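Chain residues, written in single-letter form:
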Amino acid sequence: MDRIRIVGGKQLNGIIPISGAKNAALPLMIASLLTKDTLTLENLPRLADVAMLVRILGNHGVDYMVDGRRPGEAPNSGRTVHLTAKEIVDTTAPYELVSKMRASFWVIAPLLARMGVAKVSLPGGCAIGTRPVDLHLQGLKELGAEIEIEGGYVLAKAPKGGLHGAHIVFPKVSVGATHNVLLAAALAKGETVIENAAREPEIGDVADCLVKMGAKIDGIGTSVLRIQGRDRLEGAVHTVLPDRIETGTFAFAVAATGGDVTLDGAKAVHLKNALDVLAQTGAKVEEVANGIRVYRNGGAIEPVSVETQPFPGFPTDLQAQLMALLTRAAGTSVIRETIFENRFMHVQELARLGADIHLHGDTATIKGVKVLKGAPVMATDLRASVSLVIAGLMAEGVTTINRVYHLDRGFEQLEQKLSRCGAGIERISTG
Ligand code: EPU
């Protein structure tokens, strides 16, 4: 199992290219199931989760082709892939695959909409919380599906004549449930309205792609989506939007170590709240022509109080990274996690480096300390792992992070991107 070894205390200076967003890439790839034609996705990140989804889609009959690298193309530029679901050969998504990656549960929507049936394993809980799918099932039922749960599987069946439009009011904002209903409604008969839809930029990216495939969608980027379903959708070419969580992660890393970095290709509008919080901590943040510049030279890290919220609020996917930064603040900060009930696995690992964090229910109180000291730590989930990288970059001495496969799920070339900016970071392969 690989480990990451960090020698802390170095500033970050230079340019970091931002990859395509994992959380847009996954539902966009799933959208390929909606049509017999080819969906071409540009700027697809090279991630373990993307590779896993290729396997899952292959099981349903999706043909996958990757363009070779063009002359002069940077080694880390995103890939162009072609996904073709000419025939759906299997409408079952088995436990062995779905349990490895929650987002693969979302195949239920296109399978049901196109084939009229789907049998998809329940994804189960994970390190950050129980993560039920009741809202996904509520949405699909309102589109006319009959749903049964049997042996850990969701068995979904469309009514005679296929799914139909509906007026769905979600009692709670859910990214996944919004994706699922959006995908199904694109092939349902008539109009679907989703109220209290998630407004994350990745939802907008999928909606934009569905429009290119022939769906009519109003209200993209708002909490009310209106979708006119189509009998069939066509192929399209779509570019995956830049990863706002990767952007925020590197922005917090620069604020933590000091230095001056341009996040190339990043879009500030996708993480305005997080950048405002970053500015409150004393870092300088500027929108530049090609992305975002973040710098901090010498000044103290100021404490802040933040609570996670659905977009446009502060993202839960940046909570752990912010906490790592605040471990060295000149005062006491408070972070409340309102999205997931158990997303504090990084706290005990940060404590191993000397952080002073007190947990009470959904609230963490972080008393800034003068120094962190390197130590061996354990990665627990994707975002928690990268918070340990940030803490390791700030700490004196050597930090070794174990179980780095969590990082590979969602960060493309993390060590390379950081070491090119001066970080002391390397991967140690142990076989
Ligand atoms: N929820 C329900 N019932 C449902 C669905 C969700 O109660 O049917 C609850 C969840 O348990 C949670 C809250 O609603 O407490 C929000 O969950 P949501 O459905 O929005 O999350 P998700 O779709 O499972 C996506 C991202 C997560 C990100 C969350 C929140 C992808 C592939 N995953 O998950 O990303 O944290 O939205 O923004 O898009 C990550 O990338 O590390 C990651 C965990």
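Scroll up a little and you will see the structure.
These lines cover the structure that appears in this document, whether it is placed above or below. (Residues numbered from 1 in each chain as written. Predicted model: local features only at pLDDT ≥ 70, side-chain atom pairs only at ≥ 80, totals over all residues. Heavy atoms only, no water.)

A few words on helix H12 (residues 382-394). If you check H12, its first and last C-alpha atoms are 19 Å apart, about what 13 residues at 1.5 Å a residue would give, namely 18 Å. Of all 13 residues in H12, 13 are buried; the element is thus mostly enclosed. The N-capping residue of H12, defined by a side-chain oxygen 3.0 Å from the backbone nitrogen of Arg-383, is Asp-381. (Helix = DSSP H or I, 4+ residues; strand = E, 2+ residues; numbered from the N terminus. Expected span 1.5 Å × (residues − 1). Buried < 20%, exposed > 50% of the residue type's maximum accessible area, 1.4 Å probe, protein only. Polar contact = N/O pair within 3.5 Å; in protein donor to acceptor, adjacent residues only side chain to side chain.)

On to the site of the ligand, then. Around the ligand sit 22 residues, and of these Asp-134, Leu-135, Ser-174, Asp-317 and Ile-339 come closest. Between Lys-22 and the ligand, the recorded distance is 3.0 Å, taken from a side-chain N or O atom to an oxygen atom. Measuring from an oxygen atom of the ligand, one finds a backbone N or O atom of Val-175 at 2.7 Å. Relative to its free-state accessible area of 830 Å², the ligand is covered by the protein chains to the extent of 89%. (Near = heavy atom within 4 Å. Areas by Shrake-Rupley, 256 points an atom, 1.4 Å probe, with all protein chains shown as cover.)

For the rest of this paragraph, the subject is the sheet that holds strand S2 (residues 12-17). One open sheet holds the four strands; their spatial order is S2-S15-S17-S16, and the pairing between them is mixed. Looking at which strands have only one partner, the edges of the open sheet turn out to be S2 and strand S16 (284-288). Across the sheet, the axes of successive neighbouring strands diverge by a mean angle of 15 degrees, strand direction being ignored. As judged from the five bridges shared by S16 and strand S17 (residues 291-296), these two strands associate in the antiparallel manner. The residue bridging Glu-287 from the neighbouring strand is Ile-292, located in S17. (Pairing = 2+ DSSP bridges. Axes fitted to C-alpha atoms, helices over the stretch in contact; angles between N-to-C directions.)

Running from amino to carboxyl end, helix H8 (residues 244-257) crosses helix H10 (residues 319-326) at an angle of 5 degrees, the nearest separation of the two axes being 9 Å. Judged on the interaxial angle alone, H10 and H8 are roughly parallel. Residues Ile-245, Thr-249, Phe-252, Ala-255 and Ala-256 of H8 lie in contact with H10, whose contacting residues are Gln-321, Leu-322 and Leu-325. Taken together, the residues that form the contact of H8 with H10 break down as six nonpolar, two polar and no charged. (Parallel < 35°, antiparallel > 145°, perpendicular 65-115°, else oblique. Contact = heavy atoms within 4.5 Å. Nonpolar A, V, L, I, M, F, W, Y, C, P; charged D, E, K, R; others polar.)

Checked against the element boundaries, Arg-296 lands in strand S17. Note on Arg-296: relative accessible area 10%, which makes it buried. Sequence spacing of Arg-296 and Lys-212 is 84 residues, and the spatial spacing of their C-alpha atoms is 41 Å. Arg-296 has contacts with Ala-255, Ala-256, Thr-257, Gly-258, Gly-259, Ala-283 and Ile-301, leaving out every residue within four places of it along the chain.

Below, the discussion takes up unusual backbone geometry. In this chain, Phe-311 is followed by Pro-312 through a cis amide linkage whose omega measures 10 degrees. Mapping Pro-312 onto the fold places it in the loop between strand S18 (305-307) and H10. Positive phi values are uncommon outside glycine, yet Asn-43 reaches one of about 65 degrees. Classification of Asn-43 as partly exposed rests on a relative accessible area of 22%. One non-glycine residue with positive phi stands out, namely Gln-413, at about 50 degrees. Structurally, Gln-413 is set in the loop between helix H13 (405-410) and helix H14 (414-419). Judged by relative accessible area, Gln-413 falls into the partly exposed class, the value being 25%.

Successive side chains on a regular strand alternate, one facing one side of the sheet and the next facing the other. Taking burial as the measure, the six residues of S17 include five buried ones, the bulk of the element. Where strand S15 (residues 259-264) meets S17, six bridges bridge the pair, whose relative direction is antiparallel. Its bridge partner being in S17, Val-261 is matched across the sheet by Val-294. Linking S16 back to S17 in an antiparallel pair, the connection comprises two residues.

What follows is about helix H6 (residues 175-185). When you tally the buried positions in H6, you get 10 out of 11 residues, the bulk of the element. Of the positions making up H6, those classed as buried are Gly-176, Ala-177, Thr-178, His-179, Asn-180, Val-181, Leu-182, Leu-183, Ala-184 and Ala-185. Near the N-terminus of H6, the side chain that reaches the backbone nitrogen of Gly-176, with its oxygen 3.5 Å away, is that of Ser-174.

Take the sheet that holds strand S21 (residues 363-367) next. Pairing is mixed across the open sheet formed by four strands, whose spatial order is S18-S19-S21-S20. Whereas interior strands pair on both sides, the edge strands pair on one side only; in this sheet they are S18 and strand S20 (356-360). Neighbour-to-neighbour, the strand axes of this sheet turn through a mean angle of 15 degrees, independent of strand direction. Bridging between S18 and strand S19 (residues 332-336) involves three bridges; their strand directions are parallel. Bridging from a neighbouring strand, Val-306 pairs with Ile-335 of S19. On the sheet, H10 packs against S18, S19, S20 and S21 and is oriented at approximately 170 degrees with respect to S19.

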